[in-house]
Amino acid sequence: MNGTDAAPAKEPTTVKEPGAPRHAAPEPEPAAEDAFARFSPAPEENPTGFRRVLRGTRLALLHEWALAAYASVALAVLMTWPTMRYPQYTIPQDTGDPTLQAWQMAWSGHVLKTDWSQLWHSNSFYPEKYSFAFSDTLLGYAPAGLFGTGLEAALVRYNVMYVLLHALAFFGAYVLVRQLGSGKTGAAVAGAAFAYAPWRLAQAGHMHVMSVGGIALALAMLARGHGYSLRHGYRPDQRKPGWALAGWLVAAWQISLGFGIGLPFAYVLATIVLVCLVSYLVHRKWIWSEPKPFGWRLLSFDAIGGLIFAAVGGLMALAYFKVIELHPYAERSDVEVGWYSPPLLGFFTSPAQSMPWGEAHTGARETLGWAAGRPACCPASCSTAWPSRAS
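Because the structure is predicted, anything quoted here is derived from the model rather than measured.

S.K.: In this structure, what is going on with the pattern of salt bridges? I would like to understand it.
M.R.: Charged atoms that come close allow side chains of opposite charge to pair. Applying the stated criterion across every chain yields a total of three salt bridges. With a shortest N-O distance of 2.7 Å, Arg178 and Glu64 are connected by a salt bridge. Separated by 114 residues along the polypeptide, Arg178 in helix α4 (residues 151-179) and Glu64 in helix α2 (residues 64-79) bring together distant segments of the chain. A salt bridge links Glu336 to Arg332; its shortest N-O distance comes to 2.7 Å. Classification of Glu336 by relative accessible area gives partly exposed; the value is 26%. Taking relative accessible area as the criterion, Arg332 reaches 52% and is therefore assigned exposed.

S.K.: What am I meant to see in the packing of aromatic side chains here?
M.R.: Aromatic ring pairs are described here by two measures, namely the spacing of the ring centres and the angle between the planes. One pass over the full model with this rule turns up 15 aromatic pairs. Among the aromatic side chains, those forming a connected cluster through ring pairs are Trp103, Trp107, Trp120, Phe132, Phe259 and Tyr320. For the cation-ring pair, Arg224 lies above Trp243, with the distance from its terminal atom to the ring centre recorded as 5.3 Å. Looking at Lys285, its charged tip hangs above the ring of Trp286, at a distance of 5.6 Å from the centre.

Thresholds applied
- Residues numbered from 1 in each chain as written.
- Predicted model: local features only at pLDDT ≥ 70, side-chain atom pairs only at ≥ 80, totals over all residues.
- Heavy atoms only, no water.
- Salt bridge = Lys/Arg side-chain N within 4 Å of Asp/Glu carboxyl O.
- Helix = DSSP H or I, 4+ residues; strand = E, 2+ residues; numbered from the N terminus.
- Buried < 20%, exposed > 50% of the residue type's maximum accessible area, 1.4 Å probe, protein only.
- Phe/Tyr/Trp six-rings, centres within 6.5 Å; stacked < 30°, edge-to-face > 60°.
- Lys NZ or Arg CZ within 6 Å of the ring centre and 35° of its normal.

Structure below.
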């Protein structure tokens, strides 16, 4: 030993790992499993084309609009019964205007199959020209005239269209009110009120007056195409130009049924377009914080649809102007129009055919004049199968 103390051996140094932070973020909890997921079938990885078509067909057949269409037809059959009990032997209301309109559909269908250039020169009042324009023509129902020939076919055709026009009125009002923001119950009530309002009882023999379903359906399509509802207002992200064009086409079809209802509809549609245009410009300039676009595609579809609507109405009007030129005495005077027109009270008076209100409103009807006092049967009556209330 050299007399010096030996230095103690050092212990090996241990390197400590850095500890977790004092305020570490909590680990995410596992997602809760859906209690019913285990009972559902396993999703198909790559569905075949047939399965996709089958799935799409099933969804289409069970969609709300499809169910509403089924309900509309079923309700129409019920509300117009017994129209479809003996459709080849009976006709609703009476044998006056309904038989004329049954012939009109038969004639237009016949012309489509033979020589469409002779449409306005019908076999009635022969050899008079433009005799088909002596009344509203129901031209929009011409495709129905392509099916069947003879008297029985004409009766069946009329009865089927009579039921379907009620179904379309219910369905059109239903989809319009749904588009504007109502729930299903409210839309069903609106459809029933529109299709089976009491005033329609007294007009059961005038198919051109009863055919108003295209009005509601066209307005529903136009509202959907422009992304508009009363609940949400104008929403540019909901615009569908194709629906807008379809709405104009349905409107053109509606006016082809006749000017008795088509002309007031044209006035209403023009007013709606004008009001919407002014409202859009006012909102764009003074109300919206950011301008909401309209879009050139939607504008072009509106222009095309509006031109088609105007063209259909204008081409039909030419025949009626020709009738006035050939028969000047056929023009209605203001006195004659007033004779057929009841006063404002008529909008609040029930017809005689109404079971709950007909008798109660007898006194009010007597003040309305001749036009409100014509005897008529309810839509559920047929001239040879069911007695009318008035008889």
